[in-house]
Every structure is written in C-alpha cells, then in structure tokens.
Amino acid sequence: MYERLRAYEGQAAANSGIGKDPVNEPMIRHWCEAMGDVSPAYPAVAPATMLQVWTMGGLSGNAGRTGVYDELFALLEEAGYTSIVATDCEQEYFRPLRPGDRVTFDATIESVSPRKTTKLGTGYFVTTRMDVRVDGKTAGTHRFRILKYTPAAKRPGKGAPGPAPQRPRPVVNRDNAGFWAGVAEGKLLIQRCDACRTPRFPWLPGCGGCGSADWTAFEASGAGTVYSYVVMHHPPFPAFDPPYAVGLIELAEGVRMISNITGVPYDKVRVGMPVELEFLRVDAELTLPVFRATGETGSGETASGGVASGEAASGDAAPHGTAPHGTASSDTASGEAASGEAASGEAASHGTASSDTASGEAGAGAPGEGR
C-alpha cells in the first residue's frame, strides 16, 4: 500500500493556477479587522500570513487543478482511511505582496508518510507544497499537511467508572504569572505600556506597539461585548460537553480575550451581546474568569440564570489558555491568526511561519489570547 501511495510524491496537484483576485486593499482590510491588527504597514502591503488567501478558489474552485489529489484520496478511502484532519501548515516568505500583484501558483504532493498511529487513529500524513509567484518570481511557499486515517475504535468501559476528567490547566510562566495571581484574588489584570500607554492582552514581556519592556498592570472594569464567537461541535474533549460556544470578548479597555460565555445557551450567543466579568470556581485548584451575558440574546430573550461553583453553564467553554478551541480552525476559533501571523507592523520578508491546527489531543494551550 505504501509503495502505491509514494508513487504520488512529486506529482502536480495544480499547474499554473491563477489567483481569482489580485492582491487588493478590501481583502487586506477585512483580514486586519478580523485579526485586530491596526498596523500602519497595511494595506500598503499584505500581511505575510495572507499568502494562501490569494490562491483560494472559493466554492467554484481553481482552474489548473489536476486529478492527482482526488486519485490519491480515492486510493486511501478504498483502503478504509475515510477520515481526514488538517494537522499543520508552514509558510516561507521571500517578498511582500502589494495591492495589484497578480498571484500564480503551482502545487505538488511533496510527501506521503509511512503509516502512523495517533490518538485519532491510524493513517498517512500527506504534505502538499504550494509555490506562490508574482511576475514569475517566488513570493512564498505554503506547505499544508493532513492526516487521512481510520478512526480508532472506542474501548469498551471496564469496571467502575473512573473520576470525571479535569479541565486542562493553564500554563503559568514568568510572563503571565501576574495575570493568574490576579485571577486568584478575583481581579482581571491587563498590562499597560509605560511608554506609549497602550493596553495589551495577553500578557507579554514587551509592547507590540513601541517595543518598550516597561509596563504596569491595572484592573479591568469587567464590562465587555461579544466581538466574535464559534460553536464547537467536534472533536469532543474530556471535561467538555459539545456543543458549546467559545467567545472572543472585547473589553471596555479595548483589548480582547477568549473566554466562556455563561448565563445563556450556546445557540443564543450573538455578536455585540453585552457581557460582564465573573469568576468560575471550576475545582479546588482552578478558578477561571468567564463572562456572563447581561443583555438581549438577539432573539428577544434576556440572558439569565446562575452558575454554581464548579459547574459549567450551557455554552460554557474554558477561557483563554484552557479551552480546546484551537482545533476549530487553524486557531480560527479564537478569532486570532494562527502562530505564524506577522507581527503588527511587520512587512513580509524572507522568513518562516508555522501553525498547528489540530493534533488530536486537547492540550492546555497558551495562557491567554486576544488583543
């Protein structure tokens, strides 16, 4: 089987593809608004991590695609590898893309791994390399890896049920220890740069605006609104009962963070919904800041209800750093770019970026997200 799969290595998945739209300011603006990136460098150049955007074919697809990818997938599915999950991507940048640039691209099946066994199941990793060009010169490369697999069989329960699974613990380090110390005292602390006075979240050792390493922590008021949200259906994670909502909350202070939305069912969460801070006692060792809906749900209903200590309300998901939301989409559930997003003000130049979009495991995640 593996030798048959390896025969596809080096074969073209797309030849002389042409981006449906030239690099353009509206798409750059929409991307930056979604990411919360206010760098003055854009839209004179496109954010580096928009590289793949200019190659996407939408629902109608791209011209130039060969049938090789479909043949490979058909071979895997006939052998029983019927499930698929995106695992990671890598990008390399050689020149910035500017409005008006017309992108062309070629895609090649770069490699097919030997059969691997993961927590999701057993299958093969397939890596596709896309070379993106402008005027015949390489602007960047994009590698995208998927796992085509047979789902692992569920093990039947044996004996008495074990203890209920715990929520993942946040990763506390020297950069964010002050934040979690504040949570323990019932405070939501935000950093403010001493030089340019810009507030920031998550906690970082330096200011992304001016680069200063001097900062002061201050307590947030707790008022906010739902800036964006997703509803997680799959995959399931221990200690979480899907479906549930994961919200990107915009605080009154101007920064954003990912958190639970409590006091309202997951299907009643709406963009613009007012929320206020409260602290959820998950267990004896873990307290998390969450946000309770305080206004109209968007369907004429008013948010209400309480959360008992240690309980999760409908639509409840662990807040920044503890929710397994990263698999909703290249970290799309967070409303933030995957790791590899160009830093504010960064023009595309020769460099690399990568992002893990699904690992098949629920990790603790990064301690805090948002802007």
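Residues numbered from 1 in each chain as written. Predicted model: local features only at pLDDT ≥ 70, side-chain atom pairs only at ≥ 80, totals over all residues. Heavy atoms only, no water.

S.K.: Requested: an account of the nonpolar core, with residues and values cited.
M.R.: Counting residues in each nonpolar core, the largest one holds 39 residues, and the members touching the most others are Ile-28, Trp-54, Leu-72, Leu-97 and Ile-109. Elements that contribute at least two residues to this core include exactly β1 (12–18), α2 (25–35), α3 (68–78), β3 (103–112), β5 (121–134) and β6 (137–151). Of the residues forming this core, the biggest block, six residues, is contributed by α3. Ignoring any residue separated from it by four or fewer positions in sequence, one finds Trp-54 in contact with Gly-19, Lys-20, Pro-22, Val-23, Asn-24, Met-27, Ile-28, Ala-46, Leu-97 and Val-103. In terms of nonpolar packing, the next biggest core, distinct from the first, is built from 28 residues, Leu-189, Phe-201, Val-226 and Val-282 among them. (Core = buried A, V, L, I, M, F, W, Y, C linked by side-chain atoms within 4.5 Å. Buried < 20%, exposed > 50% of the residue type's maximum accessible area, 1.4 Å probe, protein only. Helix = DSSP H or I, 4+ residues; strand = E, 2+ residues; numbered from the N terminus. Contact = heavy atoms within 4.5 Å.)

S.K.: Before we move on, can you summarise the pattern of salt bridges with the specific residues and values?
M.R.: For the structure on display, the rule yields 13 salt bridges. Arg-65 serves as the salt-bridge partner of Asp-70, at 3.1 Å between the closest nitrogen and oxygen. A residue is classified by how much of its surface remains accessible, and Asp-70, at 47% relative accessible area, is partly exposed. Several salt bridges converge on common partners, so that one network encompasses Arg-169, Asp-283 and Glu-285. (Salt bridge = Lys/Arg side-chain N within 4 Å of Asp/Glu carboxyl O.)

S.K.: Can you tell me about the sheet that holds strand β7 (residues 189–193), naming the residues and giving the values?
M.R.: Strand order across the open sheet formed by three strands is β8-β7-β9, with antiparallel pairing between neighbours. The two strands at the open ends of the sheet, each matched to only one other strand, are β8 (199–200) and β9 (215–219). Examined bridge by bridge, β7 and β9 share five bridges and lie antiparallel to one another. Within β9, the position partnered with Ile-190 by the bridge is Phe-218. (Pairing = 2+ DSSP bridges.)

S.K.: Talk me through unusual backbone geometry; I want residue IDs and the actual numbers.
M.R.: Apart from glycine, the bulk of residues carry a negative phi angle, and the bulk of peptide bonds sit in the trans form. The omega angle of the peptide bond from Tyr-42 to Pro-43 is 10 degrees, so this bond is cis rather than trans. Inspection of the secondary structure assignment puts Pro-43 in the loop between α2 and α3. That bond from Pro-242 to Pro-243 is cis: its omega, 0 degrees, falls within 30 degrees of zero. Here Pro-243 shows up in the loop between β10 (223–232) and β11 (244–251). Positive phi is not limited to glycine here, since Asp-135 has a value of about 55 degrees. Tracing the backbone shows Asp-135 in the loop between β5 and β6. The exposed category is assigned to Asp-135, whose relative accessible area is 73%.

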